[in-house]
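# Summary of structural features
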Amino acid sequence: AMAATGQNLSVVVHRAGDLRLENRPIPEPGPNEVLLRMHSVGICGSDVHYWQHGRIGDFVVKDPMVLGHEAAGTVVKVGPGVSHLKPGDRVAIEPGVPREMDEFCKSGRYNLSPTIFFCATPPDDGNLCRYYKHSASYCYKLPDNVTFEEGALIEPLSVGIHACKKAGVTLGSKVFVSGSGPIGLVNVIVAKMMGAAAVVITDLSATRLQKAKEVGADFTIQVKNETPQEVASKVESLLGCMPEITVECTGLQACIQAGIYATRSGGTLVLVGLGPEMVTVPLVNAAVREVDIRGIFRYCNTWPVAIALLASKRINIRPLVTHRFPLEKALEAFETTKKGEGVKIMLKCDPTDHNP
């Protein structure tokens, strides 16, 4: 049936403001690749940003590009040399695949490789389509008790794992998470799982803060028009002390400033959210108080960890999914995401199976 129809419906951004549903050929898996029938793909803020603006920083949409990088599906065909996967296997996809064994790969930090392939980052196509081929080594088999949607959520979850590891979250940590979008929420989930004693989270939206409470945040602060210093003092009064760790997930200048003011002397601020290239921050305040400021870029070596946590039911990320759309209604799903409705919006790519 697959070959007969030859239909590979795909969500493609052509340029800023121009998003289309189109049919593309079904790809053939090459050596060490697998062909997947996609099942569930989450929409990320970056997907919306490429659609709205046609670029993120130096990554510019010059040719039509398939969106999507939070994904899970089923193996339908394996290329030569693939031994650990077979047709019928359910897998989660790690979207970043190094193209060469450079010094970053050798040291285990392959996410920093400058030539890495990454789904839906120009010029690389993503996987928001019916059929997609990917490097077999970056497809991870899902146990029977982990759903496709959980498999797709491993991508944002990985950002939380990577950030909390870099931040050094441990038993008894007091943590401040700035921003309650999907990435703020996964940081709450992971920080609590790693032993954080108390997590406080900020956002403009009351509904998002309610979701943060649902996934384990101890305290929430709805920010109105407070100064960064006022936000920092609210964080301190709720926690009863300044947090050792702040995870900044918005990229907004005022929030980065609040993050510096809020973090305890000798603590760590991890910058996860990306905003403008240049921001004005109280750097001397951080320097004289020995606050470490760390950047993170995506994640590495997180899929096996995430799958183990999901399979053992140590964490629950299912509440993140608030909306589901069939692939045919992708444009409507993107509009819904753009409006900021819901938390994580899932597209269901397999017309025969819309289960989670």
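Residues numbered from 1 in each chain as written. Predicted model: local features only at pLDDT ≥ 70, side-chain atom pairs only at ≥ 80, totals over all residues. Heavy atoms only, no water.

## Structural notes on unusual backbone geometry
That bond from Pro 122 to Pro 123 is cis: its omega, 5 degrees, falls within 30 degrees of zero. As for its placement among the helices and strands, Pro 123 is situated in the loop between strand 10 (117–118) and strand 11 (131–135). Non-glycine residue Arg 298 carries a positive phi angle of around 60 degrees. The topology assignment puts Arg 298 in the loop between strand 18 (292–295) and helix 10 (303–311). Judged by its relative accessible area of 18%, Arg 298 is buried. With a phi close to 60 degrees, Lys 313 is a non-glycine residue in the positive phi region. Position of Lys 313 relative to the elements: it lies in the loop between helix 10 and strand 19 (321–326). (Helix = DSSP H or I, 4+ residues; strand = E, 2+ residues; numbered from the N terminus. Buried < 20%, exposed > 50% of the residue type's maximum accessible area, 1.4 Å probe, protein only.)

## Thoughts on the packing of helix 2 (residues 45–53) against helix 11 (residues 330–338)
With their axes 10 Å apart at the nearest point, helix 2 and helix 11 run at an angle of 100 degrees to one another. Here helix 2 lies roughly perpendicular to helix 11, going by the angle between them. Residues Asp 47, Val 48, Trp 51 and Gln 52 of helix 2 form the contact with helix 11, whose participating residues are Phe 334, Glu 335, Thr 337 and Lys 338. When grouped by side-chain class, the residues that make up the contact of helix 2 with helix 11 number three nonpolar, two polar and three charged. (Axes fitted to C-alpha atoms, helices over the stretch in contact; angles between N-to-C directions. Parallel < 35°, antiparallel > 145°, perpendicular 65-115°, else oblique. Contact = heavy atoms within 4.5 Å. Nonpolar A, V, L, I, M, F, W, Y, C, P; charged D, E, K, R; others polar.)

## Describing the nonpolar core
Grouped together as the largest cluster of nonpolar side chains are 92 residues, with contacts concentrated most on Leu 36 and Phe 334. If you look at the next biggest cluster of nonpolar residues, it comprises twelve residues, including Phe 176, Val 200, Val 235 and Leu 239. (Core = buried A, V, L, I, M, F, W, Y, C linked by side-chain atoms within 4.5 Å.)

## Notes on the side chain of Glu 248
Mapping Glu 248 onto the fold places it in strand 16 (residues 245–248). Although Glu 248 is buried, it makes no salt bridge; Arg 208 carries the closest opposite charge, 12 Å away. Residues contacting Glu 248, with those up to four places away along its chain left out, are Ser 178, Cys 255, Ile 256, Leu 269, Val 270, Leu 271, Val 272 and Gly 273. (Lys, Arg positive; Asp, Glu negative; His and termini not counted. Salt bridge = Lys/Arg side-chain N within 4 Å of Asp/Glu carboxyl O.)

## A short note on the sheet that holds strand 6 (residues 65–66)
Read from one edge of the open sheet, three strands run 2-1-6, paired in antiparallel fashion. Where the open sheet ends on each side, the last strands, each with one partner, are strand 2 (18–23) and strand 6. Of the pairings in the sheet, the one linking strand 1 (residues 9–15) to strand 6 comprises two bridges and is antiparallel in character. Within the sheet, the bridge partner assigned to Val 13 lies in strand 6 and is Met 65. Against the sheet, helix 2 engages strand 1, strand 2 and strand 6, with an angle of about 50 degrees to strand 1. Here helix 11 sits on the sheet in contact with strand 1 and strand 2, set at roughly 150 degrees to strand 2. (Pairing = 2+ DSSP bridges.)

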